[in-house]
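# Structure assessment
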2 protein chains.
Amino acid sequence: MTRAQRAVLAQLTNDRAFVSAQDIHARLRRSGESVGLTSVYRALQALTDDGQLDARRTDGGEATYRRCGSDQHHHHLVCRQCGAAVEVEAPAVEKWVADLAATHRYVIDAHTLEIIGLCSRCADA
Amino acid sequence: MTRAQRAVLAQLTNDRAFVSAQDIHARLRRSGESVGLTSVYRALQALTDDGQLDARRTDGGEATYRRCGSDQHHHHLVCRQCGAAVEVEAPAVEKWVADLAATHRYVIDAHTLEIIGLCSRCADA
DNA sequence: CCGAGAATGAAAACCATTGTCATCTTGCCG
DNA sequence: CGGCAAGATGACAATGGTTTTCATTCTCGG
Ligand SMILES: [Zn+2]
Ligand SMILES: [Zn+2]
Ligand SMILES: [Zn+2]
Ligand SMILES: [Zn+2]
């Protein structure tokens, strides 16, 4: 694992929310740990490919990343404002998706399920 | 409804798949109907706000739009390659989402559920 | 026919992300 | 110990989708 990867992973372990590459870069800079933006992007790519990070796009299309607790397949309840997330499993949905694959002539290779809202902290403010 | 909106809507009625703004612009140009790219973006925005179009982002983050048959709340089975889509309803999932909202302290205001794969035509090729 | 407000679109600005390339590091081998 | 090849790094430039700007062109009620 490279220096950039260690720095990024540490940052995302410290703050368990969905955060953008630019945010991570800024936070690392602020905390003294100096890593180039390009390296942050590369580290995020590598860690995500490696399954150590989950990625999702915000409504605006910006990619954000999170270090999840579970390495099982799961979905997220995400705060639109601060990126805070709850990991949820949805066996019933997985079943439904599998059945649908059988019904239609599609070769399914992925599915997304996300619940977007405001976490209690952001809703109160 | 403006001229651009009519042109875009006609194009999306003609080809019922998820298509990007740039694609729509190119197709309109090719078919003689000349509309500026800016106007295509504006029309897509307006039509989507108006509920006449469904929007989704491709894996690459590009926004795509589709004229759906149902104006009920529904989800999509989407072909990653050509944008072809099947509209599906998932009452069980809606129920599950509602329950989750009650369980956690999140103010839910949206959810996404998408099944991505290859349509039979693209899988065969 | 007039004028205000909306629509249009070419061009410039934006901005997240990716590519380039010259410079550093790192780990081996002689 | 050098020295060297492979990989990592990061400043900078380029990309590409999307949005802004702004001057021009409709549209339509009065
Ligand atoms: Zn996760
Ligand atoms: Zn929040
Ligand atoms: Zn739809
Ligand atoms: Zn297809």
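Up top you'll find the structure we're talking about.
Residues numbered from 1 in each chain as written. Chains lettered and ligands numbered in written order. Predicted model: local features only at pLDDT ≥ 70, side-chain atom pairs only at ≥ 80, totals over all residues. Heavy atoms only, no water.

## Side note on the overall build of chain A
Note the following rule: Runs of E in the DSSP output that reach at least two residues are strands. Runs of H or I that reach at least four are helices, and both are numbered from the N terminus. Relative accessibility decides the category of a residue: with a 1.4 Å probe and only protein chains considered, values under 20% of the type maximum give buried, values over 50% give exposed, and everything between is partly exposed.
Each helix and strand in chain A was counted, giving 5 helices and 6 strands. The linear arrangement of helices and strands in chain A, starting from the amino end, is α-β-α-α-β-β-β-β-α-β-α. If one aligns the C-alpha atoms of chain A with their principal axes, the spans along those axes are about 55 × 40 × 25 Å. Evaluated residue by residue, chain A yields a buried proportion of 42% over its 125 residues.

## Thoughts on the protein's contact with DNA strand C
Note the cut-off: Here a residue is near a molecule or strand as soon as one of its heavy atoms is found within 4 Å of it. Counted as a polar contact is a pair of N or O atoms within 3.5 Å, where, for protein atoms, one must be capable of donating a hydrogen and the other of accepting one, and residues adjacent in sequence contribute only when both atoms are in side chains.
Of all residues adjacent to DNA strand C, which total 15 residues, the nearest are Tyr41 and Ala63 of chain A together with Arg3, Ser39 and Arg42 of chain B. For DNA strand C, the fraction of atoms within 4 Å of the protein that belong to sugar or phosphate moieties is 60%. In this structure, Tyr41 of chain A approaches DNA strand C through a side-chain N or O atom, which is 2.8 Å from a phosphate oxygen. Contact between DNA strand C and Thr38 of chain B: a base nitrogen at 3.2 Å from a side-chain N or O atom of the residue. Only α3 (37-49) of chain A together with α1 (3-14) and α3 (37-49) of chain B provide two or more residues apiece to the surface near DNA strand C. Looking at the surface near DNA strand C, the element that brings in the most residues is α3 of chain B, giving 3 residues.

## Regarding the coordination of the zinc ion (ligand 4)
Quick reminder of the rule: Each metal's donors are the N, O and S atoms within 2.8 Å of it, or within 3.2 Å when it is Na, K or Ca, and because water is not part of the set, sites may look incomplete. A four-donor site is classed as tetrahedral when every donor-metal-donor angle falls between 85 and 135 degrees; four donors are called square planar, and six octahedral, when trans pairs exceed 155 degrees and all remaining angles lie between 65 and 115, with any other arrangement labelled irregular.
The zinc ion (ligand 4) binds to the protein through Cys79 of chain B (SG), Cys82 of chain B (SG), Cys119 of chain B (SG) and Cys122 of chain B (SG), with metal-donor distances spanning 2.2 to 2.4 Å. Each of the 4 donor atoms around the zinc ion (ligand 4) contributes to a set of angles spanning 104 to 115°, which defines the coordination as tetrahedral.

## Some thoughts on the protein's contact with DNA strand D
How we decide: Side-chain classes are defined by residue name, with Ala, Val, Leu, Ile, Met, Phe, Trp, Tyr, Cys and Pro counting as nonpolar, Asp, Glu, Lys and Arg as charged, and the others, Gly among them, as polar.
In the region of DNA strand D, 15 residues are neighbours, and Arg3, Gly36 and Arg42 of chain A together with Tyr41 and Ala63 of chain B sit closest. Within 4 Å of the protein, atoms of DNA strand D come from sugar and phosphate in 62% of cases. Listing elements by their share of the surface near DNA strand D, those giving two or more residues are α1 (3-14) and α3 of chain A together with α3 of chain B. Of the residues contributing to the surface near DNA strand D, the split by class is 4 nonpolar, 7 polar and 4 charged.

## Digging into the interface of chain A and chain B
This is how the line gets drawn: The contact definition used throughout considers only heavy atoms, calling two residues in contact when any of these lie within 4.5 Å. Summed over both partners, buried area is the accessible surface (1.4 Å probe) that two parts give up on being assembled. Note on definitions: salt bridges are taken to be side-chain nitrogens of Lys or Arg within 4 Å of carboxyl oxygens of Asp or Glu.
Listed as interface residues are 37 residues of chain A and, on the opposing side, 37 residues of chain B. For the pair chain A and chain B, the two sides together bury roughly 2900 Å², of which 66% comes from carbon and sulfur. Summed over the three residues of chain A that lose the most area to chain B, namely Trp96, Tyr106 and Ile115 of chain A, the buried surface amounts to 22% of that side. Counting across the chain A and chain B interface gives 2 salt bridges. In this structure, the connection of chain A to chain B is made through 17 residue pairs in polar contact (both at pLDDT 80 or more).

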